[in-house]
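Tertiary structure, described
Here is how the chains run, residue by residue.
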Amino acid sequence: MATPISIQFNPSILSFPSNPSQYINTKSQFFQPNDKLLVKQKTINSSSRQFSSFLQQLQLHQLGSTRFVALAAAATGVVDTVEDKLPADIHVTEIQEPNSRVRLTVEVPTVVCEDSYRRVIKEFMKRSKVPGFRPGKNVPEDILLGFIGKQNVQKAAVEAILKRTLPHAMSSVTGKAFEDSIRIVTKFAEMEKTYLSTNSLRYDVVVDVAPEIKWKPDDAYKNLKVVVELDSDMDAQRVAEKEFIKRHKSLGALKIVTDRGLQVGDVAVIDISATTIEQDGSDAKIIPAAESKGFNFDTEEGDNVLPGFRDSIIGIKHGETKSFPLVFPDSWKQEDLRGVHAQFTVECKELFYRDLPELNDSIAEKLLPGCSSIEEVKQAVLQRCLEVEQAAKDQATDNAILEQLYKMVEVEIPQSLLEEQGRQLYGAQLLQLQANMKLSEQQLASLSSPRAVNEFLETQKENIISIIKQNLAVGDIFTRENLQFSTEELVKEVQNSIEEFQQHQQEYDEDRVKQQVQEVLEGAKVLEWLRENAEIQYITR
C-alpha cells in the first residue's frame, strides 16, 4: 500500500534566491547541492593499489630492530601485483558470510613458499653489509642467516609470501570488494607456525563486497504507487498575497498610537503571562511556555498565535492590562498544553500604527527592484511563489518515491559501507556547521573526535541504512533501465563541487568528487524516470 508523505510549503520568501529549491527542507539526497556524502565506497579495480601499505598493515615494526625492519621491507617488497607469475597456483576457497562479507581461505603450496623464500634471501644478500663480504656479493646462506637471524628471515619470508599471494587471492572479488575493507584475520604467529612446520602457508582474508539488491517483488519499482500529501499552506496565490503585503509593510514607518486602543493593523509590545484554570478547584499553575516579556505582536499575523488571543486584546491601550480565559486547541503543537484551560494576562507596554506609503506605481521599484508598476510586482512575486510551490511539490514527490523504494528492497549492508556513509554524512554536517558558525580549532577537534563520530553513527544508524538502501536501489534502477547523462553535465557538476570545496578551503579527492557527482546525476535521472512511470496521487491535508 502506498504510504503518504507530507511536506510543508515554506512561505518565507522575503528575498529571492537564484534557485527556489533552496527553500525546501528535504531528506532527499539527490537535491542537496552542498552534500558530499552519499557515495558508495570505491571497489577494488587495481590490485597494486590495495597493497601499497601492506607492510604497515602487518605491523612490521614488531619483527625486530630498525636495521632489520629496513632490510625486511626491501626483501619483502619484491612484487605486489597479480602480474607476478607464481610458480604454482594457490588454492582459494570463497565463503559467503552475513552482511555482504566474503571470507577467502588461501592455501599456498610449498613450491610458492620456497620460491618466495629464495627471493627474500637474494634481496637480503643485496642489501646486507655482512663483515668480510663486499655488498651485493653472494653470501653463503648459513652465514647470512647467522648475521640476520634465522627467525627474522623466516618472518620476512612469511611477509613476502603474503604480499605476493594476496593480490592473486583477491582477484576473484576484484571489482566488487570495497576499498579499505580487506583484513587478514589469521594471526601472524599462527602463519609462522604453519610455515615452519609444513613449509606451506594458510591464511584467511575477509572483505566486504558490494551488496546485491533484491526487489520485493522483482521489478517492483516498475509498478510504483505513491501518495503525496501536500500541506494546505502550499498555495502560491495565497502566499504571494502575503508576501506582497509584507513588502508594502516594510516600507512603512511605525508611529506611536496616543489616542485610541489596539486595532487590526497595529503592532503592540506586550507582556504575556498565563496560569491554568483547574476544573476541580485546585490551585492554578503557571504556564511557563506562555510567558513572554516585550513580545512584538503584529495584529495582521494574529493567525499565528492561539485562536481568540488577538480578538481578546483588541482595544487595549498603552499601559492597560487585560485578563481573559482561552483554551488551547487539540491541534496545538505542544502536546502537554492541548485542551488546557488557561487564564491569560496581557499588559500593553507600547502601541504603534504603520504609516504606509500610498500603494501606487511610484513605489514599485522599492517593493521589488526592476519593477515599474504594482501589477508587475504582483506578477513577479506570484511567479516566484509558483516556482517554489512546484519545487516543493516535486521534492515531496521525490521523497515519497524514495520512501517507497526503501521499503521495496532487501539488502545486506556491510559494516564498512555503513561506517563510510555515516562518516561522510557527519563530515558534511560538520562542513556546513563550520561554514555557518566558523568553529574554533578546539570546537572542531572536539566534534571530529572518534567518540563524537561513533556516537553519531550509533544514533543515526537507521537513517544511514535508509539512505544506503535508497542509493543502492536507485543505482540498480539506473543500470536496469540503461539510463544515461551527458559528459557535459558531469564535467560541469564536478567543477562546481570542486569550487565549493576550494571556497571552504577543504581538502578533496577529485576521483571521489567525480564519483559523488556521478551518483547525484544518476539519482536525478532515476527520479525523473520514476516520476514519469509511477502512479502518483496528490492529496491535500
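Residues numbered from 1 in each chain as written. Predicted model: local features only at pLDDT ≥ 70, side-chain atom pairs only at ≥ 80, totals over all residues. Heavy atoms only, no water.

Topic: the nonpolar core
Core analysis: the biggest nonpolar cluster contains 42 residues, and Trp-215, Leu-405, Ile-477 and Leu-530 have the highest contact counts within it. Contributions of two or more residues to this core are made by strand S7 (225-230), helix H11 (374-408), helix H12 (415-437), helix H14 (450-459), helix H15 (461-480) and helix H17 (510-533). In terms of residue count, the dominant contributor to this core is H15 (nine residues). Beyond its immediate sequence surroundings of up to four residues, Trp-215 is in contact with Ala-220, Tyr-221, Leu-405, Met-408, Val-409, Ala-473, Asp-476, Ile-477 and Arg-480. Counting residues in hydrophobic clusters, the runner-up holds 39 residues, among them Val-108, Met-125, Ala-160 and Met-191. (Core = buried A, V, L, I, M, F, W, Y, C linked by side-chain atoms within 4.5 Å. Buried < 20%, exposed > 50% of the residue type's maximum accessible area, 1.4 Å probe, protein only. Helix = DSSP H or I, 4+ residues; strand = E, 2+ residues; numbered from the N terminus. Contact = heavy atoms within 4.5 Å.)

Focus: the pattern of salt bridges
A full pass over the atoms with the stated rule returns 26 salt bridges. A salt bridge links Arg-423 to Glu-419, with the shortest nitrogen-to-oxygen separation between them at 3.6 Å. With Arg-423 and Glu-419 both in helix H12 and four residues apart, the pair spans about one turn of that helix. By relative accessible area, Glu-419 is classed as partly exposed at 28%. Within the structure, one salt-bridge network assembled from shared partners comprises Asp-115, Arg-118, Arg-119 and Arg-164. (Salt bridge = Lys/Arg side-chain N within 4 Å of Asp/Glu carboxyl O.)

Some words on the confidence of the model for the chain
Here the chain averages 80 in pLDDT, while 83% of its residues score no lower than 70. Low pLDDT, under 50, characterises residues 1-40; the predicted model gives this stretch 128 contacts beyond four residues in sequence or across chains. Scored below 50 in pLDDT, residues 44-81 makes 76 contacts in the model with residues more than four places away or belonging to other chains. (pLDDT = per-residue confidence, 0-100.)

Quick word on helix H7 (residues 188-198)
Buried within H7 we find Phe-188, Met-191, Glu-192 and Tyr-195. Seen from one end, H7 has its buried residues packed into an arc of 100°, which puts them on one side. Across H7 from its buried face, at more than 90 degrees, point the exposed residues Ala-189, Lys-193 and Ser-197. Tucked into the core, H7 has its buried residues touching helix H4 (110-127), helix H6 (150-170), strand S4 (183-184) and strand S5 (201-208). Positive backbone phi, approximately 60°, marks Asn-199, located one or two places after H7. (Arc of directions from axis to C-beta.)

Examining the packing of H6 against H7
Two elements in contact, H6 and H7, have axes separated by 10 Å at closest approach and are oriented at 100°. When the interaxial angle is binned, H6 and H7 end up roughly perpendicular. The segment H6 lies against H7, with Gln-154, Lys-155, Ala-157, Val-158, Glu-159, Ile-161 and Leu-162 engaging Phe-188, Met-191, Glu-192, Tyr-195 and Leu-196. (Axes fitted to C-alpha atoms, helices over the stretch in contact; angles between N-to-C directions. Parallel < 35°, antiparallel > 145°, perpendicular 65-115°, else oblique.)

Some thoughts on the side chain of Ser-116
Structurally, Ser-116 can be placed in helix H4. Residue classification places Ser-116 among the buried residues on the basis of a relative accessible area of 2%. A polar side-chain atom of Ser-116 sits 3.2 Å from a polar atom in the side chain of Arg-164. Beyond its immediate stretch of four places on either side in the chain, Ser-116 contacts Ile-161 and Arg-164. (Polar contact = N/O pair within 3.5 Å; in protein donor to acceptor, adjacent residues only side chain to side chain.)

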